[in-house]
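The residues making up each chain are set out below.
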Amino acid sequence: MTDTLDSTLGLKRRTLLQGTAGILATGIAPFVHAQDKVVLRYLGTAVNQDKAIAEKFKADTGIEIQYVAVTTDDVTKRAVTAPNSFDLIDTEFFSLKKIVPTGNLKGIDSKRVKNADKITSLFTKGEVAGKKVGDQGTAPVKVIYLEGEKSKAFAKSATQFMSLIPTTYNADTLGIRPT
């Protein structure tokens, strides 16, 4: 389907999916007939790939989620070298320094995310209970905001566009300071 659309109509898979999602979101098209089913390719590790979520999403939208489960390193590699091989990416904060400069990541418009303002201040401001915390390594506050929707650079302060929305806190996310 992608090759046919690209060559004959000049359309890209992502444009088709965005248009379809937009039409479905408005509710003005109660019936959409497509020759091929619409599939959202979700690239990430298996941590957040849940069959029940995929089934509910399909029931609500008619769009199938195709999970593409790979290692963290392979998520980064595909984001950099094969950005047209997926539609949605689930990645790690530390991988963003390799992905964002390529321009292959579209920023998330935080105004369209219902609870974006409730993301922990540790990630969005680099503070807990109003107190600044260390920002060693890839502290989320350093990579969570982009300069713009299609930016290749991280913003120095909060903007409307986020590189990712944190969803999973693993045990390896914690650090212990000897002091």
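What comes next concerns the included structure. (Residues numbered from 1 in each chain as written. Predicted model: local features only at pLDDT ≥ 70, side-chain atom pairs only at ≥ 80, totals over all residues. Heavy atoms only, no water.)

**Here's the deal with helix α3 (residues 51–61)**
Piece 1. Where α3 begins, the capping side chain belongs to Asp 50, and its oxygen is found 2.9 Å from the backbone nitrogen of Ala 52.
Piece 2. A positive backbone phi angle near 80 degrees is found at Gly 62, which sits one or two residues after α3. (Polar contact = N/O pair within 3.5 Å; in protein donor to acceptor, adjacent residues only side chain to side chain. Helix = DSSP H or I, 4+ residues; strand = E, 2+ residues; numbered from the N terminus.)

**What to know about the sheet that holds strand β1 (residues 39–44)**
Piece 1. With parallel pairing, the three strands of this open sheet are ordered in space as β2-β1-β3. What marks the edges here is a single partner per strand, and that holds for β2 (64–69) and β3 (88–89).
Piece 2. Note: β1 against β3, two bridges, orientation parallel. The residue bridging Tyr 42 from the neighbouring strand is Leu 88, located in β3.
Piece 3. Each of β1 and β2 touches α3; the most contacted strand, β2, lies at about 155 degrees to it. (Pairing = 2+ DSSP bridges. Contact = heavy atoms within 4.5 Å. Axes fitted to C-alpha atoms, helices over the stretch in contact; angles between N-to-C directions.)

**Notes on the pairing of β1**
Piece 1. Among the six residues of β1, six are classified as buried, and the element is accordingly described as predominantly covered.
Piece 2. Side-chain alternation along β1 places Val 39, Arg 41 and Leu 43 on one buried face and Leu 40, Tyr 42 and Gly 44 on a second face that is also buried.
Piece 3. Once you follow β1 into α3 and on to β2, the crossover reads as right-handed. (Buried < 20%, exposed > 50% of the residue type's maximum accessible area, 1.4 Å probe, protein only. Right-handed = clockwise from strand over helix to strand, strands pointing away.)

**Comments concerning the pattern of salt bridges**
Piece 1. A complete count under the given rule lists six salt bridges for this structure.
Piece 2. Glu 64 is the salt-bridge partner of Lys 37, the closest N and O atoms lying 3.0 Å from each other. Note that Lys 37 is positioned in the loop between α2 (13–26) and β1 and Glu 64 in strand β2, a separation of 27 residues in sequence. (Salt bridge = Lys/Arg side-chain N within 4 Å of Asp/Glu carboxyl O.)

**Examining the packing of aromatic side chains**
Piece 1. Across all of its chains, the model carries two aromatic pairs by this definition.
Piece 2. Relative to Tyr 67, the ring of Tyr 42 has its centre 5.3 Å away and its plane inclined at 90 degrees; by these criteria the two rings are edge-to-face. Of the two residues, Tyr 42 is situated in strand β1 and Tyr 67 in strand β2; the sequence distance between them amounts to 25 residues.
Piece 3. On the accessibility criterion, Tyr 42 (14% relative accessible area) is buried.
Piece 4. For Tyr 67, a relative accessible area of 25% translates into the label partly exposed. (Phe/Tyr/Trp six-rings, centres within 6.5 Å; stacked < 30°, edge-to-face > 60°.)

**Focus on the side chain of Gln 49**
Piece 1. By the secondary structure assignment, Gln 49 is in the loop between β1 and α3.
Piece 2. Reaching out from Gln 49, the side chain makes a polar contact with the backbone oxygen of Val 68 at a distance of 3.4 Å.
Piece 3. Filtering out sequence-adjacent residues up to four positions away, Gln 49 remains in contact with Tyr 42, Leu 43, Gly 44, Tyr 67, Val 68 and Ala 69.

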